[in-house]
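Below, each chain spelled out in residue letters.
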Amino acid sequence: MSFAALWEGLLPVGRDALTGGYRRFSWTPADVACRSWFTRTAAERGLRVDTDRNGNLWAWWDPPGLAPGPGSLPRGPGPGAVVVGSHLDSVPDGGPFDGPLGVVSAFAAIDLLRERGLAPVRPLGVAAFCEEEGARFGVACLGSRLLTGVIDPATARALTDAGGTTLAEAMAAAGQDPARIGPDEDLLGRIGTYVELHIEQGRALAGLGAAIGVGERIWPHGRWRLGFTGRPDHAGTATLGERRDPMLAFASVVLAARQAAADHHGLATVGKVVAEPGAVNGVCARVTAWLDARCPDEQTLWTLVDQILAASRDVAGQHGVALEVTPESVTPAVDFHPGLRARLTASLAARGIHAPVLATGAGHDAGVLAARVPAAMLFVRNPSGVSHSPAEHAEPADCEAGVLALAAVLEDLACR
Ligand code: HGY
Ligand code: MN
Ligand code: MN
């Protein structure tokens, strides 16, 4: 089946009719629909589908003649499964490509290998990791962090969404046993290579005139929850001098974050804020805001974050407001496996595909898995560079180029 036909099958799932953006949050009806699409698409290709203990989806193409292993354990000549994929969940009103492009391209690349009469000599897997955006439960790459053991399962189970539902409750309601979440050494031990294809979230490739890029590294980055607590009061009677207004402290932090980012040539964003109780004619009781900070290196990141948090504490004190700071997910710098990166570049060059190597400030499951298995990324050109927006777009020809690139990599990594 062509990429376009596969793409059309997933496109309507979880799209908001009003904004045109996507709301595919883990363990919601939209997620169930995404999982159904994945399972159906895999089954149509005779792939063995499994949901691991953390809710990550796996579809396995076992080498001919090898009986599949139990569950998501691929039978194969020892460790060495080659896995490609990405995620299906989205940020609120995200674009259609961030995540799904990698999963759809993986199935399309398998179709292409089959059309060429090729078959894997080691298990070939397609993965869709759960809660990569952290849009519902706040921790980015939650499924791959649980798989690799970098987040405590009990802590994860207790994560709550905006309505107070815990991850454990959401999983149980979806028929998944939350008691089982946690590291999966058997599965990890069988994965020899992970390659994630993703739309570029930036316009480096557009600037270079290249359709495909190879990932070099991911900037260190993180997200911090800032809880400002003041004193609720009447907007029409409380004098300015007696107020303890958390909204004022919050406003100063947003501006301080922008200034610190400019000072340190990094990125700092406050994209989500909740003001409670939210009376138009009242001084807020509480304001909760989330800081997202990213820098090319870890020392600068910590300098930038320390500067913002110091300014936050200072301005909170000035307004008689309490401040609680909670790091939600922090990801160290990731340098992708140099040898694997060189293999990808060589595979592509051998087929006349010129793929520049580029760093990114966007986090990915490949960045989490890289701590445990050789991981690499392929990027597909994003003409505008815009992402985490309904306006996110990649040209069909570039998407097809991505499938050709992924098939080239899979042929060399899994079929020889
Ligand atoms: O936030 C990120 O960098 C990614 O889109 N999860
Ligand atoms: Mn994203
Ligand atoms: Mn993504």
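Throughout what follows, the structure given in this document is the object of discussion. Within any chain, residue numbers begin from 1 and follow the written order of that chain's sequence. For this description, chains carry letters from A and ligands carry numbers from 1, given in the order in which they are written. Side-chain atom pairs in this predicted model are given and counted only at pLDDT of 80 or more, local residue features only at pLDDT of at least 70, and totals for whole chains, interfaces and linings cover all residues. Each side-chain value is derived from all of the structure's non-hydrogen atoms; neither hydrogens nor water enter the calculation.

Quick look at the packing of aromatic side chains
Note on aromatic contacts: the rings of Phe and Tyr and the six-membered ring of Trp form a pair at centre separations within 6.5 Å, being stacked when their planes are under 30 degrees apart, edge-to-face when over 60 apart, and tilted otherwise. Under the criterion given, the structure shown has eight aromatic pairs. When the centroid spacing of 4.8 Å and the interplanar angle of 25° are considered together, the rings of W7 and F97 count as stacked. Highlighted residues: W7 in helix 1 (residues 3–10) and F97 in the loop between strand 3 (81–87) and helix 3 (100–115), separated in sequence by 90 residues. Exposure class is identical for W7 and F97. Each is buried. Here F129 and Y194 contribute two aromatic rings whose centre-to-centre distance is 5.6 Å and whose plane-to-plane angle is 85°, an arrangement assigned as edge-to-face. With F129 in strand 4 (residues 124–129) and Y194 in strand 5 (residues 191–199), this pair connects stretches of sequence that are 65 residues apart. Helix and strand labels come from DSSP, where a helix needs a run of H or I of at least four residues and a strand needs a run of E of at least two; each type is numbered from the N terminus. The classification of residues rests on relative accessible area computed with a 1.4 Å probe and restricted to protein chains. Under 20% of the type maximum is buried, over 50% is exposed, and intermediate values are partly exposed.

Side note on the nonpolar core
Counting residues in hydrophobic clusters, the biggest one holds 59 residues, and the most contacted among them are F38, F107, I212, L348 and L378. Among all residues touching F107, those that are not within four sequence positions of it are L6, W37, F38, T41, A42, R45, L47, A59 and V126. Ranked by size, the runner-up nonpolar core spans 24 residues in total, among them L226, F228, A257 and I308. In this description, a nonpolar core means a group of buried Ala, Val, Leu, Ile, Met, Phe, Trp, Tyr and Cys residues linked to one another through side-chain atoms lying within 4.5 Å. Contacts between residues were defined by any pair of non-hydrogen atoms, one from each residue, lying within 4.5 Å.

Notes on the coordination of the manganese ion (ligand 2)
Only N, O and S atoms count as donors, using a 2.8 Å cut-off from the metal and 3.2 Å for Na, K and Ca, and because water is excluded some sites may appear unfinished. The protein atoms that coordinate the manganese ion (ligand 2) are D98 (OD), E133 (OE) and H388 (NE2), at distances spanning 2.0 to 2.2 Å. Mapped onto the sequence, the residues coordinating the manganese ion (ligand 2) show the spacing D-x34-E-x254-H. A separation of 3.5 Å is found between the manganese ion (ligand 2) and the manganese ion (ligand 3), which are bridged by D98. Of this pair, D98 sits in the loop between strand 3 and helix 3 while H388 sits in the loop between strand 15 (375–380) and helix 13 (396–414), and the two are 290 residues apart along the sequence. According to the relative accessible area criterion, H388 is partly exposed, its value standing at 41%.

What about the sheet that holds strand 7 (residues 221–229)?
Whether parallel or antiparallel, the strands of a sheet pair through hydrogen bonds between backbone atoms. Only when DSSP finds a minimum of two bridges between them are two strands counted as paired. Across the sheet, four strands lie side by side as 9-11-7-12; this open sheet has antiparallel pairing. Edge positions in the sheet fall to strand 9 (267–276) and strand 12 (322–331), since each has one partner strand and no second. Within this sheet the neighbouring strands show an average axis-to-axis angle of 15°, counted without direction. Sitting on the sheet, helix 9 (residues 246–264) is in contact with strand 7, strand 9 and strand 11 (286–294), with an inclination near 170° to strand 9. Interaxial angle, 0 to 180 degrees, is taken between N-to-C directions of lines fitted to C-alpha atoms, where a helix line uses only the stretch in contact.

Observations concerning the pattern of salt bridges
Salt bridges are defined by distance alone: a side-chain nitrogen of Lys or Arg within 4 Å of a carboxyl oxygen of Asp or Glu. What the rule picks out here adds up to 19 salt bridges. Residue R116 pairs with E411 through a salt bridge whose shortest N-O separation is 3.8 Å. Taken as a pair, R116 in the loop between helix 3 and strand 4 and E411 in helix 13 lie far apart in primary sequence, 295 residues in all. Three or more residues are tied together by salt bridges with common partners; here these are R116, R351, E411, D412 and R416.

Some remarks on unusual backbone geometry
E276 connects to P277 through a cis peptide bond whose omega is 0°. Inspection of the secondary structure assignment puts P277 in the loop between strand 9 and strand 10 (282–283). The phi angle at W27 is positive, at roughly 60°, despite the residue not being glycine. When you line up the elements, W27 lands in the loop between helix 1 and helix 2 (29–44). A positive phi angle, near 55°, is found at H388, a position not held by glycine.

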